[in-house]
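# Secondary and tertiary structure notes
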Amino acid sequence: MNARRLLILLAALLVAVPLLSTSLFTIHETELGLVTRFGRPADDVAQPGLHFKWPWPIERVVRIDRRLLVFDNEPAEMLTRDKRNVLIDSFALWRVAEPLRFVQTVGSRLEAEARLLDLISSELGAAIGSFPMESLINVDPEEVRLRAASAQAADAIRGTLLDSFGIELVDLAINGFSLPRQNRASVIDRMRAERGRIAAQYRSEGEEKALEIEAEATRARQLLLSEARSQAETIRGEAEAEALRVLSEAYSRDPELYRFLRSLESAEKILDQDTTIFLPSDHELLGVLNER
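Within each chain, residues carry numbers counting from 1 in the order of the written sequence. Where totals are concerned, whole chains, interfaces and linings use all residues; where local detail is concerned, this predicted model gives features only for residues with pLDDT of at least 70, and gives and counts side-chain atom pairs only at 80 or more. Heavy atoms from the whole structure form the basis of all side-chain values; hydrogens and water molecules are not counted.

Secondary structure elements follow DSSP: runs of H or I of four or more residues count as helices, runs of E of two or more count as strands, with numbering from the N terminus. A count of helical and extended segments in the protein chain gives 7 helices and 9 strands. For every residue, the accessible area obtained with a 1.4 Å probe (protein chains only) is divided by the maximum for its type, and the residue is called buried under 20%, exposed over 50%, and partly exposed between those limits. The proportion of buried residues among the 292 residues of the protein chain is 22%.

The following block contains the structure:
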């Protein structure tokens, strides 16, 4: 009797253990879970932890990554407003915002990124097509509108992703920009020609400005020289007048001495050691020399 009960207990355990193992499931911290029956949600969204489901084969657990995900898109050829072909490389940051709708519409990350690719390619192409090439490549960083183009595309698809697929688009950005190989040379040549024209214009404006500065400097120099000459003439005239006044005062005090000194100065200028001069005997210079 005891052996029979033991056999029944063992048989029950053999049946219960597999059933229990298929009924219990664990949701990790980075996931959300959803039990589906015949492909349709059968219960609420399961948060991280240990959970139970019926062990029937018709029920299965769909695991949803709750982390912020990165979708790195392949470069795509697009057309600018002025009909220039460009290669745009973009990436998107997204997460599952509504798990139930996500499972009902796309069901997996692979399918979700396929929808992302379709919408991003369409709307980003439209956004790029609203800007000319000069807004994508420009020497002035403030004129580059790549961020504006990606923001325009993100605004256009954010509502559709959330309402239709339960996906929240956190960010959409352009991380690469280049030209197609077949028309890269012609575009670069046009850019060089345009930059050459701009450089020639800057050079011409610089030369014109240099001539204006040079003319202004010449005018200022002439004005300063004229004022300096005027001041010099005034100072020289005042100095000569003062010298004449001093000489006049000196002459009026001792006219004889003044005439004598003037004659000595004159003699010093015209006489040297090789000069012979004849003076009358009554010349006052001879009188001075005889006194010495």
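Between its terminal C-alpha atoms helix α3 (residues 109-128) stretches 27 Å, which fits the 28 Å expected from 20 residues at 1.5 Å a residue. Considered for burial, the residues of α3 that qualify are A112, E113, L116, I120, L124, A127 and I128. Across the axial projection of α3, the buried residues extend over an arc of 100 degrees, all falling on one side. Whether two residues are in contact is decided by their heavy atoms: any pair within 4.5 Å suffices. Looking at the buried positions of α3, the neighbouring elements they touch are β6 (69-72), β7 (76-79), β8 (85-96), α2 (99-105), α4 (146-165) and β9 (167-178). What a helix should span is 1.5 Å times the count of its residues minus one. The arc in question is formed by the directions pointing from the helix axis toward the C-beta atoms.

Our focus in this paragraph is the pairing of β7. Two strands make a pair as long as DSSP finds a minimum of two bridges between them. Bridging between β7 and β8 involves 4 bridges; their strand directions are antiparallel. Opposite L79, over in β8, you have N85 as the bridge partner. Joining the antiparallel neighbours β7 and β8 is a turn of 5 residues, in which K83 adopts a positive phi near 65 degrees.

Further remarks concern the side chain of S135. For S135, the position within the fold is in the loop between α3 and α4. Among the residues examined, S135 registers a relative accessible area of 13% and is labelled buried. When residues no more than four places from it in sequence are discounted, the contact partners of S135 are E143, V144, R145 and L146.

Take a side-chain nitrogen of Lys or Arg and a carboxyl oxygen of Asp or Glu: if they are within 4 Å of each other, that pair is a salt bridge. In total, this model carries 11 salt bridges according to the counting rule given. A salt bridge links D171 to R147, with the nearest nitrogen and oxygen atoms 3.2 Å apart. Here D171, found in strand β9, pairs with R147, found in helix α4; they are 24 residues apart in sequence, far enough to count as distant. A residue is classified by how much of its surface remains accessible, and D171, at 22% relative accessible area, is partly exposed. Residue E242 pairs with R245 through a salt bridge whose shortest N-O separation is 2.3 Å. Here E242 and its partner R245 are both found in helix α5 (residues 184-253), 3 residues apart, which amounts to about one turn of the helix.

Counting 35 residues, the largest nonpolar core has V86, W94, F102, I120, L124 and I128 as the members making the most contacts within it. For this core, the secondary structure elements donating two or more residues are β5 (59-65), β6, β8, α2, α3, α4 and β9. With 7 residues, α4 is the single largest residue contributor to this core. For W94, the contacting residues outside a window of four places in its chain are R67, L68, L69, F71, F102, R109, A112, E113, L116, I167, E168 and V170. What is meant by a nonpolar core is a set of buried Ala, Val, Leu, Ile, Met, Phe, Trp, Tyr and Cys residues, joined one to another through side-chain atoms within 4.5 Å.

Where β6 lies against β8, 4 bridges are found, and the strand directions are antiparallel. Bridging across to β8, L69 finds its partner in W94. With 10 bridges joining them, β8 and β9 adopt antiparallel strand pairing. Bridge pairing links S90 to I174 in β9.

The N-to-C vectors of α3 and α4 enclose an angle of 145 degrees; their axes lie 8 Å apart at closest approach. In this structure, the crossing between α3 and α4 has a hand that is right-handed. Residue-level contacts link R115, L116, L119, I120, E123, L124, A127 and I128 of α3 to A149, S150, Q152, A153, A156, I157, T160, L161 and F165 of α4. Each residue gets one label: Ala, Val, Leu, Ile, Met, Phe, Trp, Tyr, Cys and Pro are nonpolar, Asp, Glu, Lys and Arg are charged, and the others, such as Gly, are polar. Considered class by class, the residues forming the contact of α3 with α4 number 12 nonpolar, 3 polar and 2 charged. To get an axis, fit a line to the C-alpha atoms, keeping to the stretch in contact for a helix; angles then go from 0 to 180 degrees between the N-to-C directions. Here is the rule for handedness: rotate from the far helix to the near one, and if that takes an anticlockwise turn smaller than a right angle the crossing is left-handed, while a clockwise turn gives right-handed.

If you check the backbone angles, K83 has positive phi at about 65 degrees while not being a glycine. Structurally, the position occupied by K83 is in the loop between β7 and β8.

It is worth spelling out α4 at this point. Structurally, the α-helix is built with 3.6 residues per turn, so residues lying three or four positions apart point the same way. For α4, spanning 20 residues, the distance from its first C-alpha to its last is 27 Å, which sits close to the expected 28 Å at 1.5 Å a residue. Axes are fitted to the seven residues ending at a residue and to the seven starting at it; the angle between these axes is taken as the bend at that residue. In the structure, α4 departs most strongly from a straight axis at I157, where the bend amounts to approximately 35 degrees. Of all the residues in α4, the buried ones are L146, A149, S150, A153, A154, I157, L161 and F165. Backbone geometry just downstream of α4 places G166 in the positive-phi region, at approximately 70 degrees.

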